Amino acid sequence: MKRFDGSARDKKPLSDQRLPLEMSWISLRPNRVAVACSGHCNCSVTPDMRIDSYRVSLKRSKNPPAGVTLVETMMAVTLVAVFFVSIFEVNGLCLRYIKSSKNNVAALQGVQDRLEQLRSLSFANLTSASSVQSLMATPANGSEFLARSPTEVVTLSAYPTPDASNTQITLSAEASSANMNSTDSNLANAKLVKINVTYTWTETFGGRSRSEQSETIVSAGTKK
């Protein structure tokens, strides 16, 4: 192999000079490295060959990617917690409103059922305090609300002029029997009897006292 030692006999024009060297021609460009020639080969270095070199400078960015701080994380967690707590509270409020409405409907239905039971009695039994007391030993219907919540009061009075003392019977919440509060012994002589049925209870929503009542008038006579 011919050795290149820089002697005068080897100094030929660059265009005619042959370099039997192992060389690698590397072109450095942004984000790319291209190997033009490598390995054992007889490559000629001519003016047409250029080695493109770019200075690669690694500079640290002045605005690095922003991270999430602990304060920001805690604020995000707090906002999410407040959001879900608000949803649960609104849901609970809606359920309490629904339960209150159901209680009102159950009380109204209980009042109407009790009036129908009293109207179905004969006039002699209607004006008898003991008969009405026996009827009120059980709730007006099988509603769970009537069995545990309201206090029922039935008042019987002569119509249109009530006596000084009317017949009043009370069935307390969850009681097994009704209590006789007062008795009108002259009620059997009346031709018209006014019946008043009142339910009172304490609502779990807000602890408010609620009541439902209704009245009707029953006359003496023969039912057909």
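The following refers to the structure shown. Remember, predicted model here, so these are calculated numbers, not experimental data.

The rules behind the values
- Residues numbered from 1 in each chain as written.
- Predicted model: local features only at pLDDT ≥ 70, side-chain atom pairs only at ≥ 80, totals over all residues.
- Heavy atoms only, no water.
- Helix = DSSP H or I, 4+ residues; strand = E, 2+ residues; numbered from the N terminus.
- Phe/Tyr/Trp six-rings, centres within 6.5 Å; stacked < 30°, edge-to-face > 60°.
- Buried < 20%, exposed > 50% of the residue type's maximum accessible area, 1.4 Å probe, protein only.

Looking now at unusual backbone geometry. Here Tyr159 and Pro160 are connected by a cis peptide whose omega angle stands at 10°. Checked against the element boundaries, Pro160 lands in the loop between β3 (151-158) and β4 (167-171). Within the chain, Glu174 stands out as a residue other than glycine whose phi angle is a positive 65°. For Glu174, the position within the fold is in the loop between β4 and β5 (179-182).

On to the packing of aromatic side chains. If you walk through the whole model with that rule in mind, you get two aromatic pairs. With a centroid separation of 5.5 Å and an interplanar angle of 75°, the aromatic rings of Phe83 and Phe84 are classed as edge-to-face. Given a relative accessible area of 41%, Phe84 falls into the partly exposed group. When the ring of Phe145 is compared with that of Trp201, the centres are 5.2 Å apart and the planes differ by 85°; the resulting orientation is edge-to-face. Highlighted residues: Phe145 in helix α4 (residues 144-148) and Trp201 in strand β6 (residues 192-202), separated in sequence by 56 residues. Since its relative accessible area comes to 4%, Phe145 is described here as buried.

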